[in-house]
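The residues making up each chain are set out below.
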Amino acid sequence: MRLYLYRFLIIVLSLIALNHLNAQNNKMTSSQSKAEDVMTLDFDKNLNIPKIKDKYKSNIIAHQKKLGEQFIKQGYKVETIRKGEVLIISIPAHDLFAPNNISLLESASIQLQPILSLAKNKMYKLLVAMHSDDTGSEQYQDMLTNNRIVAVYEWIKDNAHNTTTIVPYAMGNSEPIEPNNSRVNRQKNRRLEIYVVPAEQMIERSKGNNL
């Protein structure tokens, strides 16, 4: 009788362990799939997720405002969208690259270094977008912004090591902030934008007023 009971307990414990392992594997697969989905979304869709419930928005907006003020004090141009939920930190392309070049300047690390604090923080999702002016063909602009955003993305990943979700986008000349009708305006259009989007961890922390 004891032998049968012992065997029964072994079977039950084995089933519990197997179910737990399957649950963990499913959770990891789901998490990995979600991360992969984020990397394949187009820019506008990625910018608008995750959604934030109204009761948590005020905490997140207040946090983002303080963060934006910190970057403004460091000399960055900072804007907000989604009613203050998302920050846009801009860096002129000429602070990162020589004209028509796709390799980061040695001095680029000075501009990018503060971004590492965001890249290491799981509270944020970063969308990094490289823009150009309309000089040259559309194919050239796409090639230029693609290679430049890859250089920026790889620099952040290499230097931040354990990073949050970072999604790179090459925008070409599709979103000018000024008409491309002067040297000054074209220079303004050549820029890197870092969109600091609240991630799930920030939303969870906002629920307990822990931002």
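Residues numbered from 1 in each chain as written. Predicted model: local features only at pLDDT ≥ 70, side-chain atom pairs only at ≥ 80, totals over all residues. Heavy atoms only, no water.

A. How the structure looks around the pattern of salt bridges. Counted according to the given criterion, the structure contains 6 salt bridges. In this structure, Lys57 engages Asp54 in a salt bridge whose closest nitrogen and oxygen atoms are separated by 3.3 Å. Placement of the pair is Lys57 and Asp54 together in helix α3 (residues 54-73), with a separation of 3 residues, close to one helical turn. The exposure class of Lys57 is partly exposed, given its relative accessible area of 26%. Assessed through its relative accessible area of 63%, Asp54 is described here as exposed. (Salt bridge = Lys/Arg side-chain N within 4 Å of Asp/Glu carboxyl O. Helix = DSSP H or I, 4+ residues; strand = E, 2+ residues; numbered from the N terminus. Buried < 20%, exposed > 50% of the residue type's maximum accessible area, 1.4 Å probe, protein only.)

B. Inspection of the environment of Tyr195 at higher detail. You can see Tyr195 is positioned in strand β5 (residues 191-198). Expressed as a C-alpha distance, the spacing of Tyr195 and Val128, which sit 67 residues apart in the sequence, is 6.3 Å. Apart from residues lying up to four places away in sequence, Tyr195 is in contact with Phe43, Leu47, Ile81, Val86, Leu87, Ile88, Lys125, Leu126, Leu127 and Ala129. Within the local environment of Tyr195, its side chain forms a polar contact with the side chain of Glu193, the two groups lying 2.8 Å apart. (Contact = heavy atoms within 4.5 Å. Polar contact = N/O pair within 3.5 Å; in protein donor to acceptor, adjacent residues only side chain to side chain.)

C. Examining the sheet that holds β5 more closely. Within the open sheet, the 5 strands sit side by side as β1-β2-β5-β3-β4. Their pairing is mixed. Of all strands in the sheet, those with a lone pairing partner are β1 (77-81) and β4 (165-172), marking the two edges. Taking the axes of each pair of neighbouring strands and ignoring which way they run, one obtains an average angle of 20° across the sheet. Bridge analysis of strand β2 (residues 86-92) against β5 gives 6 bridges, and the strand direction is antiparallel. Residue Ile89 lies in a different strand from β5, and its bridge partner there is Ile194. Strands β3 (124-131), β4 and β5 of the sheet are contacted by helix α6 (residues 138-160), whose axis makes an angle of about 160° with β4. (Pairing = 2+ DSSP bridges. Axes fitted to C-alpha atoms, helices over the stretch in contact; angles between N-to-C directions.)

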